[in-house]
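Chain by chain, the residues run as shown.
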Amino acid sequence: MITVTGARKDFGTFRALDDVSIEIPSGTLTALLGPSGSGKSTLLRSIAGLESLDAGTVVIAGRDVTRVPPQQRGIGFVFQHYAAFKHMTVRDNVAFGLTIRRRPKAEVRAKVDELLEVVGLEGFQHRYPAQLSGGQRQRMALARALAVDPEVLLLDEPFGALDAKVRADLRRWLRRLHDEVHVTTVLVTHDQEEALDVADTIAVLNRGRIEQIGDPDTLYDAPDNQFVMSFLGSVSSVGGTLVRPHDIVLERPAPDDTRANGPGRVLATIERVVRLGFEVRVELRDADGERFAAEVTRGVAQQLGLVAGEQVWAVAPSHAVRDLPQPPDAGVPADAAEADEVASTAGVGEPARA
Amino acid sequence: MTTSTTSRLTLRTLALAYLVALLAVPVLMILWRTFEPGFGAFWESIRTPAAISAMNLTLLIVAIVVPLNVVFGVTTALALVRGSFRGKGFIEAVVDLPFAVSPVVVGVSLIMLWGVGGWFGGVEHLGFRVIFGLPGMVIATIFVTLPFVVREVEPVLVEIGTEQEQAAATLGASGWQTFWRITLPAMRWGLTYGVVLTIARSLGEFGAVTMVSSNFPGISQTLTLLVNSRYIDDQNTYGAYAAATLLMGLAVVTLLLMTLLDRKRSTT
């Protein structure tokens, strides 16, 4: 269990964390999801002790570790760019934490062998990181972090540097691993698909605050505000009403149709009909020139005979419409993205912030 | 770029001729002159008491200067790359000072500072002889070789970044453990080159050392001073060539050792 209470962190004039509180139950896999500069990496690094908070507390497994250095927090940390020890073999990398703790050689050997098998790197133990692919390096880094039996496993955009195919494979593998190992895991990502795919719980961050915490279904179906809704999954605006594209109902106008546009109901021109396998995406433009998309099944598309250039009513059914507030002080400052870049790559020509 | 074959060949020939005339010919000349009378004569010439003493003194100075420069250089590079403190720019500039100041000037300033009547001249009354003694030569050599380790290690530190060190910290390594197991091995290439340059420069330093040495054959002559005194004072041209060859030999051995050492370390 990790409990963060009232966390605040400033980098110069940029507030990376603004009174953040979150509770992460034992054995779960939680994703911190947000855009660049939202503070998700800073929050993770604060839990690890790689950043020190300006205010607030971090409690891991009942122990207040706010002033405890990373060495003694009982954590495992995986970096986006692997942070592999380049001058050590895979075996020595994985064994590092145990060697530091001066465990008996036989025990280290057994533990490393076991972990190499878990991450599928048996037979690679004598290679150097430079001789591994990105995915293999990250699995090595995971084994290295798990070797010290951490209380919590912290992953900072662990698949961000990998290509799409490897990324998808690896995150499913991580999910299976988590189901076996059951270590409390926190994963930082800016990829909503990744968060939905692996996490039990997602915390959506924006501008140094947590917008909403919940399981993937809740966040998708019952977002607390417009930011969460638009950040998780796609959104269309039907006459100013926000709705998921697949909830939009399309209707052919009747010949004597005199109904007027209104909130959640507009007459729109079909610009393009795109078939995406089972689904059909209909790209629309309303009378004001606003573009939006609706998603319908192929059956519906055929039944309505949707063709580009024709007009249809796009209706946001009342059950799918949520009257959501704007998040508090909406809008992302221009320098936010930069600050996040700097924070996540600190060390290269920059004074380290750890 | 479109360069005709003729002009390309001309440029190449010019560049090669330049290198041959300025670098290869002088070195080959010395080697030829040294070994012309046979290997026996060379051996004879570097086995005189003055030559043995000069070689020992040179190696002793190297043995003192290199560890000091390694410790100072690594510490300074770490501070300059990782630290943020007032006066960082000033220190950056000071580190480069030895590149800008002529070694003779260094020698003169050391005499003014450490010699009788100098600011620190008082140490001589305590029986600690700096100028015209070994300490003076060591200080002079440190001065001229100071930037090498710093400047070679700095870019390597920038390149490796701090993530590996952070990873080591999360795995339980203390600051010292991280330094010995992660940072030092990661910077070994830069450090190796820095050490090679330091040794080469220490072996060859003449200007600053000649100012602060009493220059007695067999007592306070380094190899460079021996070459000079054989050639100028003793009119012993052949002896100067032989000593010069010995000096070059030491530098080549250093280079080979470092290359072998590093190849071995990077493959094991």
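Definitions and limits used
Residues numbered from 1 in each chain as written. Chains lettered and ligands numbered in written order. Predicted model: local features only at pLDDT ≥ 70, side-chain atom pairs only at ≥ 80, totals over all residues. Heavy atoms only, no water. UniProt positions renumbered as here; feature names shortened; annotations may be inferred. Helix = DSSP H or I, 4+ residues; strand = E, 2+ residues; numbered from the N terminus. Core = buried A, V, L, I, M, F, W, Y, C linked by side-chain atoms within 4.5 Å. Buried < 20%, exposed > 50% of the residue type's maximum accessible area, 1.4 Å probe, protein only. Contact = heavy atoms within 4.5 Å. Domains from an automatic or database assignment. Buried area = accessible area lost by both parts, 1.4 Å probe. Salt bridge = Lys/Arg side-chain N within 4 Å of Asp/Glu carboxyl O. Polar contact = N/O pair within 3.5 Å; in protein donor to acceptor, adjacent residues only side chain to side chain. Nonpolar A, V, L, I, M, F, W, Y, C, P; charged D, E, K, R; others polar. Pairing = 2+ DSSP bridges.

### Some thoughts on the UniProt feature "domain: ABC transporter" (unreviewed entry) in chain A
In the UniProt entry, the feature "domain: ABC transporter" (unreviewed entry) is given for residues 2–232 of chain A. Segment residues 2–232 of chain A splits into 36% helix and 26% strand. End C-alpha atoms: 24 Å apart.

### Thoughts on the nonpolar core
Residues and elements named next belong to chain A. V94, L142, L187, I202 and V204 are the most contacted members of the largest nonpolar core, which totals 45 residues. Looking at this core element by element, the count peaks at six residues for helix α4 (residues 134–146). Residues contacting I202, with those up to four places away along its chain left out, are A31, L33, A195, L196, Q212, I213, G214, P216 and L219. In terms of nonpolar packing, the next biggest core, distinct from the first, is built from 38 residues, L17, V65, F77 and A83 among them.

### Some points on the domain arrangement of chain B
Residue and element names in this part refer to chain B. What the domain assignment lists for chain B is domain 1 (1–36) and domain 2 (48–266). When each unit is reduced to the centre of its C-alpha atoms, the spacing between domain 1 and domain 2 is 31 Å. Each side of the interface is counted separately: domain 1 has six residues, and domain 2 has six residues. Taking both partners together, domain 1 and domain 2 bury about 560 Å²; carbon and sulfur atoms supply 73% of that area. Its largest share of buried area at the contact with domain 2, domain 1 owes to I30, R33 and T34, together 78% of the area lost on that side. Across the domain 1-domain 2 interface, the total number found is zero salt bridges. Applying the counting rule to domain 1 against domain 2 returns four residue pairs in polar contact (both at pLDDT 80 or more). A per-class count over the side of domain 1 that touches domain 2 returns four nonpolar, one polar and one charged.

### Digging into the sheet that holds strand β4 (residues 55–60) of chain A
All names here are of chain A. Ordered by their spatial adjacency, four strands build an open sheet running β2-β1-β4-β5, and the pairing between neighbours is antiparallel. The outermost strands of the open sheet, each flanked by one partner alone, are β2 (14–24) and β5 (63–64). As paired strands, strand β1 (residues 2–11) and β4 are joined by five bridges and run antiparallel to one another. Of the residues in β4, the one forming a bridge with V4 is V58.

### Section: the side chain of T185 of chain A
Mapped onto the elements, T185 of chain A comes out in strand β8 (residues 184–189). If we skip the residues at most four places from it in the chain, T185 of chain A touches T28, L29, T30, L153, L155 and H178 of chain A.

### Details of the interface of chain B and chain A
Tallying the contact residues gives 24 residues for chain B and 32 residues for chain A. Surface buried jointly by chain B and chain A totals about 2300 Å² across both partners, of which 58% is contributed by carbon and sulfur atoms. Our enumeration of links across chain B and chain A arrives at zero salt bridges. Viewed at the interface, chain A and chain B are joined by four residue pairs in polar contact (both at pLDDT 80 or more). Of all the secondary structure elements, the ones that give two or more residues to the side of chain B that touches chain A are α7 (163–170) and α8 (175–186) of chain B. With seven residues, α7 of chain B is the single largest residue contributor to the side of chain B that touches chain A.

### So, the UniProt feature "transmembrane region" (unreviewed entry) in chain B
As annotated in UniProt, the feature "transmembrane region" (unreviewed entry) corresponds to residues 12–32, 52–81, 93–114, 126–150, 191–218 and 238–261 of chain B in the numbering used here. Counting secondary structure, residues 52–81 of chain B comes out at 100% helix and 0% strand; the distance between its end C-alpha atoms is 42 Å.

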